[in-house]
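Notes for the structure review
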Amino acid sequence: MITISAAFAEPESIVSERKSAQPLAFRAFRDTLFGPSETETGGKRLAKAAVEARHVTKAFGDGPERVLALDNVSVEIRENEFFTLLGPSGCGKTTLLRLIAGFDHPTNGSILLNGEDISHLPPFKRPVNTVFQSYALFPHMSVADNIGFGLEMQGKPKAEVAKAVDDMLRLVRMEELKNRKTSQISGGQQQRVALARALAPHPKVLLLDEPLSALDLKLRKEMQIELKRLQNETGITFVFVTHDQEEALTMSDRIAVMSAGHILQVGSPREIYDRPSERFVANFIGDTNLMEVEVVSVSNGRARLRFASGAETEADMPEGMSEAKSVTVVVRPEHAQLAGTGDNGVLSGQLENVVYFGTDTHYHVRLDEGVLFTVRAQNVRGGAEERQPGARTDIVFSELAVQVLRD
Amino acid sequence: MAEADAQTTGHTSTGRADGRAAALPNLTRRDEVRRKWLLVAPALVVLALAASGPLLIVLVYSFLTPGNYGGVVWEFSGEAWFKVVFHRDIFDDTLGFADAHLSIFWRSVKLSFLTTVLAFIFGFPTAYFIATRPEKYRGLWLFLITIPFWTNLLIRTFAIMEVIRADGVINQILLGLGVIEQPIQMLATDFAILLGMTYVYLPLMVLPLYASMEKLDFRLVEAAYDLYATRFQALKRVIIPTVKPGIIAGSILVFVPSLGAYVTPRVLGGGKHLMLGNLIELQFGQGRNWPLGAALSITLLLIVMVALLTYIRTTGNSEGGHG
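The paragraphs below set out a description of the structure included in this document. Everything numeric in this text was worked out from a predicted model, so none of it was measured.

Topic: the overall build of chain B
- What chain B contains, in helices and strands, is 14 helices and 4 strands.
- Per-residue burial over chain B gives 34% buried out of 323 residues.
- Split by element, the accessible area of chain B, about 19400 Å² in all, is 68% carbon and sulfur.

Points about the sheet that holds strand β1 (residues 49–60) of chain A
Residue and element names in this part refer to chain A.
- Taken together, the 4 strands give an open sheet; going across it, the order is β2-β1-β4-β5, and neighbouring strands pair in antiparallel fashion. Each of the sheet's edge strands pairs with one partner strand only, and the pair in question is β2 (67–78) and β5 (116–117).
- As paired strands, β1 and β2 are joined by 8 bridges and run antiparallel to one another. Pairing of glutamate 52 across the sheet is with glutamate 76, part of β2.

A word on the nonpolar core
- Counting 69 residues, the largest nonpolar core has A:Leu85, A:Leu96, A:Phe138, A:Phe149, A:Val205 and A:Leu207 as its most contacted members.
- The leading source of residues in this core is helix α8 (residues 190–214) of chain B, at 10 residues.
- Excluding anything up to four places from it in sequence, A:Phe138 contacts A:Asn146, A:Phe149, A:Thr182, A:Arg197, B:Leu220, B:Ala223, B:Ala224, B:Leu227 and B:Val238.

Quick notes on the interface of chain A and chain B
- Between chain A and chain B, the residue contacts involve 28 residues of the former and 22 residues of the latter.
- Counting each side, the surface lost to burial between chain A and chain B is near 2300 Å², with a carbon and sulfur contribution of 63%.
- The largest contributions to the chain A side of the interface with chain B come from A:Phe124, A:His140 and A:Met153, which together make up 32% of the buried area.
- Linking chain A to chain B there are 2 salt bridges.
- Here B:Arg237 and A:Glu152 are joined by a salt bridge, their closest N and O atoms 2.5 Å apart.
- Joining chain A to chain B, the criterion identifies 8 residue pairs in polar contact (both at pLDDT 80 or more).
- Those elements that provide at least two residues to the side of chain A that touches chain B are α4 (93–101), β6 (128–131) and α5 (143–153) of chain A.

Things to note about unusual backbone geometry
- We note that A:His202 has phi near 50 degrees; this positive angle belongs to a residue other than glycine.
- Structurally, A:His202 is set in the loop between α7 (187–199) and β7 (205–209).
- A positive phi is found at B:Tyr228, a non-glycine position, where the angle reads about 70 degrees.
- Among the secondary structure elements, B:Tyr228 is positioned in the loop between α9 (218–226) and α10 (231–242).

Side note on the sheet that holds strand β9 (residues 254–259) of chain A
Residues and elements named next belong to chain A.
- Taken in spatial order, the 6 strands make up an open sheet running β6-β7-β8-β3-β9-β10, and their pairing is mixed. The outermost strands of the open sheet, each flanked by one partner alone, are β6 and β10 (262–267). Strand-to-strand twist of the sheet, defined as the mean angle between neighbouring strand axes without regard to direction, takes the value 20 degrees.
- Both strand β3 (residues 82–86) and strand β8 (residues 237–242) contribute to a ladder of 5 bridges, which runs parallel. Across the sheet, the residue bridging to phenylalanine 83 is valine 239, located in β8.
- Sitting on the sheet, α7 is in contact with β6 and β7, with an inclination near 175 degrees to β6.

Re helix α6 (residues 153–164) of chain B
Residues and elements named next belong to chain B.
- With 12 residues, α6 should reach 16 Å at 1.5 Å per residue; the first-to-last C-alpha distance of 17 Å fits that figure.
- Among the residues making up α6, those that are buried are Arg156, Thr157, Ile160, Met161 and Ile164. Angular distribution of buried residues about the axis of α6 spans 150 degrees; they occupy a single face of the element.
- Packing partners of the buried residues in α6 comprise α7 (169–177), α8 and α12 (263–268).
- The residue sitting at the N-terminus of α6 and contributing the capping side-chain oxygen is asparagine 152; that oxygen lies 2.7 Å from the backbone nitrogen of leucine 154.

With respect to the pattern of salt bridges
Residues and elements named next belong to chain A.
- Within the structure shown, the criterion is met by 36 salt bridges over all chains.
- Note that glutamate 210 is salt-bridged to lysine 93, the shortest N-O span being 3.5 Å. Highlighted residues: glutamate 210 in the loop between β7 and α8 (217–234) and lysine 93 in helix α4, separated in sequence by 117 residues.
- Between arginine 279 and glutamate 292 there is a salt bridge, and its shortest N-O distance comes to 3.7 Å. Here arginine 279 is found in helix α11 (residues 279–284), whereas its partner glutamate 292 is found in strand β11 (residues 289–299), with 13 residues between them in sequence.
- Taking the relative accessible area as the measure of exposure, arginine 279 reaches 33% and is therefore partly exposed.
- Judged by relative accessible area, which is 52%, glutamate 292 ranks as exposed.
- Taken together, the shared-partner salt bridges in this structure form one network comprising Glu294, Arg302, Arg304, Arg306, Glu312, Glu314, Asp316 and Glu399.

Quick word on the side chain of A:Thr361
Residues and elements named next belong to chain A.
- Take threonine 361: it is sitting in strand β17 (residues 360–367).
- On the accessibility criterion, threonine 361 (5% relative accessible area) is buried.
- A polar contact of 2.6 Å, which involves the side chain of threonine 361, links it to the side chain of asparagine 379.
- Not counting residues within four places of it along the chain, the set of residues in contact with threonine 361 comprises Val354, Val355, Tyr356, Val375, Arg376, Ala377 and Asn379.

Considering the pairing of β10(A)
Residue and element names in this part refer to chain A.
- Strand direction decides the pairing type here: β9 and β10, joined by 5 bridges, are antiparallel. In the strand pairing of β10, methionine 258 is matched with isoleucine 263.
- Linking β9 back to β10 in an antiparallel pair, the connection comprises 2 residues, with alanine 260 at a positive phi of about 45 degrees.

A few points about the side chain of A:Arg197
- Relative to the elements of secondary structure, A:Arg197 occurs in helix α7.
- For A:Arg197, which is buried and forms no salt bridge, the nearest opposite charge comes from B:Asp226, at a distance of 6.7 Å.
- Within the structure, A:Arg197 has its side chain in polar contact with the backbone oxygen of A:Tyr135 (distance 3.2 Å).
- Of the polar contacts made by the side chain of A:Arg197, one reaches the side chain of A:Asn146; its length is 3.3 Å.
- Those residues in contact with A:Arg197 that sit more than four places away from it in its chain are A:Phe132, A:Tyr135, A:Ala136, A:Leu137, A:Phe138, A:Asn146, A:Ile147, B:Ala223 and B:Leu227.

The rules behind the values
Residues numbered from 1 in each chain as written. Chains lettered and ligands numbered in written order. Predicted model: local features only at pLDDT ≥ 70, side-chain atom pairs only at ≥ 80, totals over all residues. Heavy atoms only, no water. Helix = DSSP H or I, 4+ residues; strand = E, 2+ residues; numbered from the N terminus. Buried < 20%, exposed > 50% of the residue type's maximum accessible area, 1.4 Å probe, protein only. Areas by Shrake-Rupley, 256 points an atom, 1.4 Å probe, with all protein chains shown as cover. Pairing = 2+ DSSP bridges. Core = buried A, V, L, I, M, F, W, Y, C linked by side-chain atoms within 4.5 Å. Contact = heavy atoms within 4.5 Å. Buried area = accessible area lost by both parts, 1.4 Å probe. Salt bridge = Lys/Arg side-chain N within 4 Å of Asp/Glu carboxyl O. Polar contact = N/O pair within 3.5 Å; in protein donor to acceptor, adjacent residues only side chain to side chain. Axes fitted to C-alpha atoms, helices over the stretch in contact; angles between N-to-C directions. Expected span 1.5 Å × (residues − 1). Arc of directions from axis to C-beta. Lys, Arg positive; Asp, Glu negative; His and termini not counted.

Printed below as a string of structure tokens:
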């Protein structure tokens, strides 16, 4: 939470390194496993919906105990996408996943798979597989039997199942543990078996229910990279559920932020982080500075805003808010700087606290209007001189750093 | 942050280990062994006095000569063991198999096996039903299962008799509806014994089945469905293998007492359809042949042991035996 930028820079760079190192080999491997993917042979990525939820409501219980786990949720998940449902526990993300898997059925609305309504199909009739939070490996079967279970249930011939199991074991790098019982392997290995088991039947969509939450930090980082690699190699649509914003930012193509049974915002990690549309999204992902500002004027969707300090800036106004007299804006700590000498500050205040984090330093500034504002600065050798708490300081940020929230 | 976490947990765990080591006095191996024996001693004493002792007496009696008015004469004889299987004609001394005994053995094994199967067929869905109820209602359902234990076995058996006898409830209803013209003879048949024993021993199947099903992780079942298993396949490939310890325990708890059942076959079998328990009782009572009764008892014991060993051999070797 503290060092988002540093934390997600690392695994991503490793992923891209690997991709660039042997893209052809990986593609060939994927093609032998799953056949060339349609979107690739088509020459460009098609933004077709793999999974679609249409006005889905799910209620549990009756009468006064009735709880709405999902309240009129609509979302489109594209083909070949790594799509993440992100939110705190109880926000409905797992419920939505279970509706897609077929363990539960929507109270209202429908779930579509490749345009076909599957709302009332049982799980065993849906070309969708799940990686469970607890892995749910069959304890009485070997690793290989677990992985082959889905294909066996589909009635595939023995030889084909055996071959697919070997391919899967190679894909998750577990060849040597083939005949172990699942109780005899470590948590990280169980995780890989669970993945292989769900991937073996070549599902259209792979659902992952907080699959990394039981792993320790180091293993979790490894598995994040591993998952991304698997998604690249298999070209299967991944729907990933997590409450860990860092995980979501590093792995996803797109993220849906959920809260209290609603989807608040859907977008790429960058959009979600840089352009949060709601207070909840801004707060849930990363650190934020929230400020009430006055709206001076609005024209063509651009607003002139005035800070309490008197400084003015321009920002995009969310739709339907042109009447607002005051709005809340977000400025990310790393998008602002302490003003050097000669800069014209946007805000000014007194430096209250300086926290050194190694890679960066956080400056907590008490603004003159009383609000605490955090500025994060990357540490560089031979950089600016150390600031002392108690000093007066100005804060600068560009217009681009200001994001207006829809309230 | 993670490093800090690792360090703290590292500290606590070492601290705990130290604490435990300090709490235990330094025991030598001999002390430890003595301690273990002292702990199991009470159970061993009870077992020796109440199980092994009487068993030994029964074994010795089976090799003695029957007394004229019951009891035994202290004179060695293999006659009782001979009579368990063979029959000597009283007029011409020709040897033959003791058909009566063998058919009773066979009936006992057959009815006990069928009782076990029926108890499983009825007990499995029941246990599954209870295990899938919300937790707060499970206690109530289990309580209902145990209610029959509150009434004496004899009374429950007579109650069944009332239901199935010629002018009993079932026949009265069927006659009244005009479904049948003559009452169906149910009492004093194998069917009656089977019905009674299934009823009596059903809870002994349900309880261990429930115990293992309650521990069943239903996410495994969801995982099976997710991997294209139909409901039947999920049952066969996931549920049954995982609850196998419960199935084994339940089957043993039903099969073993069924084999030695006495009251149920006596009341519902009407004295014509004997089972091993009745045959043994006969030898100690009217038959006045205690050694034969003793030999039959030991035979029963052997049948049970052989059956159990075969059962455990065949089920234990396949997947999930150790559950």
